[in-house]
Amino acid sequence: MEPTTAAARAEVLRDRYRSRLPQRLRELAGPVEGTVDLPLHIAWSGRTSYSLDRPKSRMTLYRTVLAEGLREDLERLLHHRLLAEQWPVLRRLVSPHVREAWEDAFPELPRTAQADAAAAAPGITPRRPGW
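What you are looking at is a predicted structure, and each value in this text was computed from that prediction instead of being measured.

1. A short note on the overall build of the protein
Here comes step 1: A tally of helices and strands in the protein yields six helices and two strands.
Here comes step 2: Along the protein, helices and strands appear, N-terminal first, in the series α-β-β-α-α-α-α-α.
Here comes step 3: Out of the 131 residues belonging to the protein, those deemed buried represent 42%.
Here comes step 4: Considering only contacts in the protein between residues 6 or more positions apart, those separated by 24 or more positions represent 66%.
Here comes step 5: Working note: accessible area of the protein is about 7,500 Å², and carbon and sulfur atoms make up 52% of it.

Structure below.
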């Protein structure tokens, strides 16, 4: 892929994720416990039900919703406190376009290696996007 084509594609993706962002993190008012069932437009194949009480399940849910959800989905399915708590690990699991959109819009989300290490949850192994 030519550099200009790759740059244009990256900008389209960043714009797509920016357009889905809430105005404030507090608008993310989803559940903090229990089970979340994703609608078909977010999880069109494979797993659709996630337990917020299990760290790996919760992390996978948030990763999926950040990548595929619309603004209404983000506000309804994600919770601002859980997102902020998970962000140091979660930021390494999402695409760079998702990460940049969220970190540019919400400077309160931790983004340093030191914050990554401090918030790493036991039993969660960060993987590259697409795992």
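2. Some details on the side chain of Thr64
Here comes step 1: By the secondary structure assignment, Thr64 is in helix 2 (residues 55-68).
Here comes step 2: The exposure class of Thr64 is buried, given its relative accessible area of 17%.
Here comes step 3: Sequence-distant contacts of Thr64, that is, excluding residues within four places in its chain, are made with Leu38, Ile42, Tyr50 and Gly69.

3. As for the packing of helix 2 against helix 4 (residues 80-90)
Here comes step 1: Contact geometry for helix 2 and helix 4: axes closest at 11 Å, N-to-C directions at 90°. As summarised for this structure, helix 2 and helix 4 are arranged roughly perpendicular, according to the angle between their axes. Contacts between helix 2 and helix 4 pair Pro55, Arg58, Met59, Tyr62, Arg63 and Leu66 from the former with Leu82, Leu83, Gln86, Trp87, Val89 and Leu90 from the latter.

Reading the values: the criteria
Residues numbered from 1 in each chain as written. Predicted model: local features only at pLDDT ≥ 70, side-chain atom pairs only at ≥ 80, totals over all residues. Heavy atoms only, no water. Helix = DSSP H or I, 4+ residues; strand = E, 2+ residues; numbered from the N terminus. Buried < 20%, exposed > 50% of the residue type's maximum accessible area, 1.4 Å probe, protein only. Contact = heavy atoms within 4.5 Å. Areas by Shrake-Rupley, 256 points an atom, 1.4 Å probe, with all protein chains shown as cover. Axes fitted to C-alpha atoms, helices over the stretch in contact; angles between N-to-C directions. Parallel < 35°, antiparallel > 145°, perpendicular 65-115°, else oblique.

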